[in-house]
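Summary of structural features
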Amino acid sequence: MKKVKLDIVGLSYSQTQSGAYALVLGEVNGRRRLPIIIGAFEAQAIAIEIEKMTPSRPLTHDLFKSMAETFHITVQEIIIYNLVDGVFYAKLICSDGKNTHEIDARTSDAIAIAVRFNSMIYTYEFILASAGIVIEGNDFLFLENMDSIAKEPDTESISSTSKQQGFSDLSLEELQQKLQEAIADEAYEKAARLRDELNKRNAK
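Everything numeric in this text was worked out from a predicted model, so none of it was measured. (Residues numbered from 1 in each chain as written. Predicted model: local features only at pLDDT ≥ 70, side-chain atom pairs only at ≥ 80, totals over all residues. Heavy atoms only, no water.)

So, about the pairing of strand S2 (residues 20-27). The element S2 is largely enclosed, with a buried count of 8 among its 8 residues. Burial along S2 is two-sided: Ala 20, Ala 22, Val 24 and Gly 26 and Tyr 21, Leu 23, Leu 25 and Glu 27, pointing in opposite directions, are all buried. In terms of strand pairing, strand S1 (residues 3-13) meets S2 through 7 bridges, oriented antiparallel. Residue Gly 10 lies in a different strand from S2, and its bridge partner there is Val 24. Two strands pair when backbone bridges link them, and S2 and strand S3 (residues 32-39) are joined in this way by 7 bridges, in the antiparallel orientation. Paired with Gly 26 across the strands is Arg 33, a residue of S3. Hairpin connection, S2 to S3: the antiparallel pair is bridged by 4 residues, and Asn 29 has positive phi, about 60 degrees. (Buried < 20%, exposed > 50% of the residue type's maximum accessible area, 1.4 Å probe, protein only. Helix = DSSP H or I, 4+ residues; strand = E, 2+ residues; numbered from the N terminus. Pairing = 2+ DSSP bridges.)

Given below as structure tokens:
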């Protein structure tokens, strides 16, 4: 089957499930998008690695990476290989340099691990054809079978909502303090918003 390479193009609050997030994967050199509903913990695990934040203690996916590296195991790629009743199935392709093994994983965990190993993310053409969204301009065009996966996910990124949080009224020192507190409390979504506000101020 033909594999299609994907990149992470968005992570936003889900409008269809309370407390959930829509992870949006994009076809490399293409216009199709694959939204996947994931939990808050997995969303944070992906976001903090993308944002290069360092948690006070290792998260589960960081522990997995440390163990794998200790035993000289690499994650070469992950493949989202099936979609059944709105649930995506993924597997890790791992190697110790001699042997290659496939390990079944939840898609959200597989992607959280992939970003830590800088591994390629793939899916198959039939999955994109049945569950993908074609981007036309700034609009989402639903192909099929999308009603239970993600209906028009909120386009506002987790890391771009600082205005709603009232951060614009804080001084640089207060922002720095709140950033450190958020990291200490492992509130990584809030930390990302604070960091973005700091970066915006420093760029002026």
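After presenting the structure, the write-up continues.
For the rest of this paragraph, the subject is helix H3 (residues 107-117). With respect to burial, H3 is a largely interior element, 11 of its 11 residues being buried. Listed in full, the buried residues belonging to H3 are Thr 107, Ser 108, Asp 109, Ala 110, Ile 111, Ala 112, Ile 113, Ala 114, Val 115, Arg 116 and Phe 117. Two residues or fewer past H3, Asn 118 is found with a positive phi of approximately 55 degrees.

What the rule picks out here adds up to 9 salt bridges. For the salt bridge of Asp 62 with Arg 116, the shortest nitrogen-to-oxygen distance reads 2.6 Å. Here Asp 62 is found in helix H2 (residues 60-70), whereas its partner Arg 116 is found in helix H3, with 54 residues between them in sequence. On the basis of relative accessible area, Asp 62 is assigned to the buried category, the value being 17%. A relative accessible area of 3% places Arg 116 in the buried class. A salt bridge links Asp 109 to Arg 106; its shortest N-O distance comes to 2.9 Å. Exposure remark for Asp 109: the relative accessible area of 18% places this residue in the buried category. Exposure remark for Arg 106: the relative accessible area of 48% places this residue in the partly exposed category. Salt bridges sharing common partners tie together Glu 27, Arg 32 and Glu 125. (Salt bridge = Lys/Arg side-chain N within 4 Å of Asp/Glu carboxyl O.)

Turning next to the packing of H2 against H3. Two elements in contact, H2 and H3, have axes separated by 10 Å at closest approach and are oriented at 55 degrees. It follows from the interaxial angle that H2 and H3 lie oblique. Here H2 and H3 pass one another in a crossing that is right-handed. In this structure, H2 contributes His 61, Asp 62, Phe 64, Lys 65, Ala 68 and Glu 69 to the contact, and H3 contributes Asp 109, Ala 112, Ile 113, Arg 116 and Phe 117. The residue makeup of the contact of H2 with H3, split by class, is 5 nonpolar, 1 polar and 5 charged. (Axes fitted to C-alpha atoms, helices over the stretch in contact; angles between N-to-C directions. Parallel < 35°, antiparallel > 145°, perpendicular 65-115°, else oblique. Left-handed = near helix turned anticlockwise from the far one by under 90°. Contact = heavy atoms within 4.5 Å. Nonpolar A, V, L, I, M, F, W, Y, C, P; charged D, E, K, R; others polar.)

What follows is about the packing of helix H1 (residues 40-50) against H3. Between two packed helices, the angle of one axis relative to the other and the distance separating the axes together describe the packing. For the pair H1 and H3, interaxial distance at closest approach is 9 Å and the crossing angle is 15 degrees. By the angle between their directions, the pair H1 and H3 is classed as roughly parallel. Of the two possible hands of crossing, H1 and H3 adopt the one that is left-handed. Residue-level inspection shows Glu 42, Ala 45, Ile 46, Ile 48, Glu 49 and Ile 50 of H1 in contact with H3, the latter providing Ser 108, Asp 109, Ile 111, Ala 112, Val 115 and Arg 116. For the contact of H1 with H3, the class distribution of residues is 7 nonpolar, 1 polar and 4 charged.

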